[in-house]
Amino acid sequence: MEDNSGHKEFLAGLIAGVATVAIGHPFDTIKVKLQTHNTEAHGIKYKNSLHCTARILKTEGVRGLYRGATSSFIGMSFESSLLFGIYSQTKQKLQGGVESSSPQPHVIVPSAAFGGAIISFILGPSELVKCRMQIQGTDSLVSKSARYTGPLDCAIRTAKTEGVTGIFRGSSTTLMREAIGNAVFFSVYEYVRYYMHLKLNSSQSDHNNLMDMGIGIVSGGLGGVAFWSAVLPLDVAKTIIQTSSDKNSTRNPFHVLNSIYSRNGLRGCYTGLGPTLMRAFPANAVAIVTWELAVKLLGIKRNPVPSLQSSDCC
């Protein structure tokens, strides 16, 4: 019954993570390149996302857009599994076994922030490897002799040159990004899902899978856009911290953002906003639709779908 669904919720999250990387990684590569090149005082500056994409495709082909995808697939699979699993389990516990059809912010926010904080311990090292692999390609400031042959080589060499703590460079910034971002993401997702179900159920009597998919696309996509709109400056700082060749450089995200702001203004703190939002909607829409489909196929019980009769909102 319900207490047997714990492992299934983690499995559903893992499936969603794989789908997210497959759709979103090329956009992430462009974002990381923009953040690395356009916030530094040296190196090539890209005019925009299209300019960056064109240069990658011209010199490396489609493969260049998936640079660093191996560590991303591994990290995102575990991260997504933990995030959705912890969020669902924590939410159930905070609800005290009493299911409510309407969103409860005092349940959603701590559940999502807790899940985000936990996954940051996996995301920190995996994103460090991913980012360092991503900046090696087109227009790289990294000399060819210093480039990594693969994700494992990157992890081993980072540990050798910077110590074990070097693998966790930028992890505190990742924790802040994930805790805040996921609290925003799940809040937007739950509220949009609730009100869309409420509206559609009141206007048509038959509830079908196509409608569920449409609601998942919109609620997941808007949740993703809200996530990145809220925490992109922290992500910019994280990328700079993790890709810095100076192991003694600051790891304080606010010092990094202050430096970027003094050089490039507020716009610099939102470097990569275009590809980030272009990625955010489809990648998170796919994640939510995949997760909800997996939940359904695995027979996991969820909070009841709202209707005008069952609505307990004011």
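Read on for an overview of the structure. (Residues numbered from 1 in each chain as written. Predicted model: local features only at pLDDT ≥ 70, side-chain atom pairs only at ≥ 80, totals over all residues. Heavy atoms only, no water.)

## What about the overall build of the protein?
Rules: Working definition: helices are DSSP H or I runs of at least four residues, strands are E runs of at least two. Numbering for both runs from the N terminus. Per-residue accessibility, obtained with a 1.4 Å probe over protein chains only, is compared with the maximum for each type, and a residue is labelled buried under 20%, exposed over 50%, and partly exposed between these values. Residues count as neighbours in contact if any of their non-hydrogen atoms are within 4.5 Å of one another. Method for areas: the Shrake-Rupley scheme with a 1.4 Å probe, in which residue coverage is limited to the protein chains shown.
For the protein, the count of helices and strands is 11 helices and zero strands. Along the protein, helices (α) and strands (β) appear in the sequence α-α-α-α-α-α-α-α-α-α-α when read from the amino end. Looking at the 314 residues of the protein, the share that counts as buried comes to 52%. Here the analysis covers contacts within the protein between residues at least 6 apart in sequence; of these, 80% occur between residues at least 24 apart. Entry remark: accessible area of the protein is about 14,400 Å², with carbon and sulfur atoms responsible for 65%.

## Topic: helix α2 (residues 49-60)
This is how the line gets drawn: Every helix has an expected span of 1.5 Å times one less than the residues it contains. The directions from the helix axis to the C-beta atoms form the arc being described.
Taking 1.5 Å per residue as the helical rise, α2 with its 12 residues ought to reach 16 Å, and the 16 Å between its terminal C-alpha atoms agrees with that figure. Among all positions of α2, only S49, C52, T53 and I56 are buried. Buried residues along α2 cover an arc of 95° about the axis, so they all sit on one side. Facing away from the buried surface of α2 by more than 90 degrees, the exposed residues are L50 and K58.

## Side note on the pattern of salt bridges
Rules: Salt-bridge detection follows one rule: a side-chain nitrogen of Lys or Arg within 4 Å of a carboxyl oxygen of Asp or Glu.
Under the criterion given, the structure shown has 14 salt bridges. K31 is paired through a salt bridge with D235; the nearest N and O atoms lie 2.8 Å apart. You can see K31 sitting in helix α1 (residues 6-37) and its partner D235 sitting in helix α9 (residues 209-243), a full 204 residues away along the chain. With respect to burial, K31 and D235 carry one shared label: buried. Residue K238 is joined to E127 by a salt bridge in which the shortest nitrogen-to-oxygen separation is 2.8 Å. One end of the pair, K238, is in helix α9; the other, E127, is in helix α5 (residues 105-134), with 111 residues separating them in the sequence. When its relative accessible area of 11% is taken as the criterion, E127 is described as buried. Through salt bridges that share partners, D28, K31, E127, K130, R177, E178, D235 and K238 make up one connected network.

## Some remarks on the nonpolar core
Here is the rule we go by: We define the nonpolar core as a collection of buried residues of types Ala, Val, Leu, Ile, Met, Phe, Trp, Tyr and Cys that are connected through side-chain atoms lying within 4.5 Å of one another.
In terms of nonpolar packing, the biggest core is built from 30 residues, with F84, F186, W228, V256, I260, I288 and W291 touching the most fellow members. Secondary structure elements with two or more residues in this core: α1, α4 (69-95), α5, α8 (171-203), α9, α10 (253-269) and α11 (273-297). Per-element accounting of this core gives the leading share, eight residues, to α9. Formed by six residues, the second largest nonpolar core is a distinct cluster that contains I30, L34, Y46 and C52.

## Focus on a nonpolar patch on the surface
How we decide: Put simply, a patch holds well-exposed residues, over 30% relative accessible area, that have no salt bridge, with like charges counted together within 9 Å and Val, Leu, Ile, Met, Phe, Trp or Tyr side chains within 5 Å.
Taken together, L11, L14, I15 and V18 make up a surface patch of nonpolar side chains, about 280 Å² in accessible area. Along the chain, the position of L14 falls in helix α1. Judged by relative accessible area, which is 33%, L14 ranks as partly exposed.

## A word on the side chain of T174
Basically, it comes down to this: We define a polar contact as two N or O atoms separated by no more than 3.5 Å, with the added condition that, inside protein, one atom must be a possible hydrogen donor and the other a possible acceptor, whereas residues neighbouring each other in sequence contribute only through side-chain atom pairs.
Structurally, the position occupied by T174 is in helix α8. At 2.9 Å, the side chain of T174 forms a polar contact with the backbone oxygen of G170. The residues contacting T174, other than those within four sequence positions of it, are S120, L123, G124, K238 and Q242.

## Some remarks on the packing of aromatic side chains
Here is the rule: Any Phe, Tyr or Trp ring, taking Trp's six-membered ring, that has another such ring centre within 6.5 Å forms a pair; planes under 30 degrees apart are called stacked, those over 60 apart edge-to-face, and the others tilted.
Inspection of the entire model under this criterion finds 10 aromatic pairs. Ring centres of F185 and F186 lie 5.0 Å apart, and the angle between their planes is 85°; this geometry places the pair in the edge-to-face category. A single burial state applies to F185 and to F186, both of which are buried. Their ring planes at 75° and their centres at 4.9 Å tell us that Y194 and Y195 sit as a pair that is edge-to-face. One aromatic cluster is present, built from ring pairs that chain together F84, Y87, F185, F186, Y189 and W291.

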